[in-house]
Amino acid sequence: MRARSTPRWGALGFTLVELLITLTIFGLVLAAVGRLLVSAQRAYVTQREASAVLGPLRQAEATLSRLLRAAGANPNSVTSVASGRLLPGIYTLTSPAGGFRIVSDFNPANGSFDDEFEDVRTWVANDTLWVSWRNQGGTAAAAQPVAAPVTSVTYSFVNAANASVTPTATTPVAASLVQVTISAPRRVGNATTTVRRQVWIALLNR
C-alpha cells in the first residue's frame, strides 16, 4: 500500500505548515519594524519639541549675557543715569514693570550713554523677551522681540564674598556675579511643563 503524501500548496510546493510558519515569522518582523518606526517617530517629536524650547532659551541667554557682561563699564564714571539704580550699570524699570535697564559706556570719549546699545531696556511680556535700546543721540528705538516663548527672567546677585545680596532701588549694593534664570514653557502630550536655563555672569561694576 502506498503512503499518503503531505498536501503541498502553490507552484513552489510549500506545505500548509510551512506557509503558516512563514506568515507567522513575517508578521513578527512587521510588528518589530512597526515598533521601531513608532519609537523613531516619538523620538523625533520629542527632539523637535526640545529644540523648539532650547532655541529661544539659548537666544535669550546669549542676549542677556552680552548685556550684563558689559553692565557697569563706565571708565569716565558718568553718573547721568541714576533713577532705579540697583548696582553699577543695572537699574529697575517701572514701565514695563519687572524689567531691567542695563547701561554701559562703549564710547567713553563722549562722556554719555546716548550711543547705540549703551542704554538697553529688557523685559518679558506676552511670553516674549523684549529689548529696546537708545539710538545715536539718545532717541529710544522701538521694542524688538528677542526670544519666544520665554515666560520669565529672574536675577540673583552675589557679592565678592560669595554671599547672596538683594539690591533695591533705595539700597544699591555691590555685586560681582549675577545668576540669570530663564524660564520657558514646554508641552509634553496634553500637559505643559516649565524648562529653565541658568547662567552665571561676571559683572564689571566699575
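Look above for the structure.
Reading guide: rules and limits
Residues numbered from 1 in each chain as written. Predicted model: local features only at pLDDT ≥ 70, side-chain atom pairs only at ≥ 80, totals over all residues. Heavy atoms only, no water. Phe/Tyr/Trp six-rings, centres within 6.5 Å; stacked < 30°, edge-to-face > 60°. Helix = DSSP H or I, 4+ residues; strand = E, 2+ residues; numbered from the N terminus. Buried < 20%, exposed > 50% of the residue type's maximum accessible area, 1.4 Å probe, protein only. Pairing = 2+ DSSP bridges. Salt bridge = Lys/Arg side-chain N within 4 Å of Asp/Glu carboxyl O. Core = buried A, V, L, I, M, F, W, Y, C linked by side-chain atoms within 4.5 Å. Patch = residues over 30% accessible without salt bridge, like charges linked within 9 Å, V, L, I, M, F, W, Y side chains within 5 Å. Areas by Shrake-Rupley, 256 points an atom, 1.4 Å probe, with all protein chains shown as cover. Axes fitted to C-alpha atoms, helices over the stretch in contact; angles between N-to-C directions.

1. So, the packing of aromatic side chains
Then, number 1: Tallied over the entire structure, the rule returns two aromatic pairs.
Then, number 2: Ring geometry for Phe117 and Trp133: centres 5.0 Å apart, planes at 35°, overall tilted. Placement of the pair is Phe117 in the loop between strand E5 (100–103) and strand E6 (119–125) and Trp133 in strand E7 (residues 128–133), with a sequence separation of 16 residues.

2. Focus: the pairing of E5
Then, number 1: On E5, burial covers both faces: Phe100 and Ile102 on one face and Arg101 and Val103 on the other are all buried.
Then, number 2: Across three bridges, strand E4 (residues 90–92) lies against E5 in antiparallel orientation. Bridging from a neighbouring strand, Ile90 pairs with Ile102 of E5.
Then, number 3: Pairing geometry for E5 and E6, over four bridges, is antiparallel. Note on E6: the bridge partner recorded for Val103 is Asp119.

3. Some points on the pattern of salt bridges
Then, number 1: As enumerated under the stated definition, the model contains three salt bridges in all.
Then, number 2: Arg101 is the partner of Asp119 in a salt bridge, and the nearest nitrogen-oxygen pair spans 2.7 Å. Of this pair, Asp119 sits in strand E6 while Arg101 sits in strand E5, and the two are 18 residues apart along the sequence. For the pair Asp119 and Arg101, one class covers both residues: buried.

4. Describing the nonpolar core
Then, number 1: Counting 33 residues, the largest nonpolar core has Leu68, Ile90, Tyr155, Phe157 and Val180 as its most contacted members.
Then, number 2: Elements supplying a minimum of two residues to this core: helix H1 (16–70), strand E3 (85–87), E5, E7, strand E8 (144–147), strand E9 (152–158), strand E11 (177–188) and strand E12 (191–202).
Then, number 3: Considering each element in turn, this core owes the most residues, six residues, to H1.
Then, number 4: Membership of the second largest hydrophobic core comes to five residues, among which are Val78, Tyr91, Val103 and Phe113.

5. Quick word on a nonpolar patch on the surface
Then, number 1: On the surface, Val17, Ile21, Ile25, Val29, Val33 and Leu37 cluster together into a nonpolar patch covering about 550 Å² of accessible area.
Then, number 2: Within the secondary structure, Val29 is located in helix H1.

6. Describing the sheet that holds strand E10 (residues 164–165)
Then, number 1: Read from one edge of the open sheet, four strands run E10-E9-E11-E12, paired in antiparallel fashion. Either end of the sheet is taken by a strand with one partner, and the two such strands are E10 and E12.
Then, number 2: Here E9 runs beside E11; their pairing, made up of seven bridges, is antiparallel. Bridged to Val158 within E11 is Leu177.

7. A look at the environment of Asn126
Then, number 1: Of note, Asn126 is situated in the loop between E6 and E7.
Then, number 2: For the pair Asn126 and Pro149, spaced 23 residues apart in the sequence, the C-alpha separation amounts to 8.5 Å.

8. Digging into the side chain of Ser183
Then, number 1: For Ser183, the location among the structural elements is in strand E11.
Then, number 2: Looking at Ser183, the relative accessible area reads 5%, which means it is buried.

9. A short note on the sheet that holds E6
Then, number 1: Pairing is antiparallel across the open sheet formed by six strands, whose spatial order is E3-E4-E5-E6-E7-E8. The outermost strands of the open sheet, each flanked by one partner alone, are E3 and E8. Within the sheet, the average angular offset between the axes of one strand and its neighbour, ignoring direction, is 30°.

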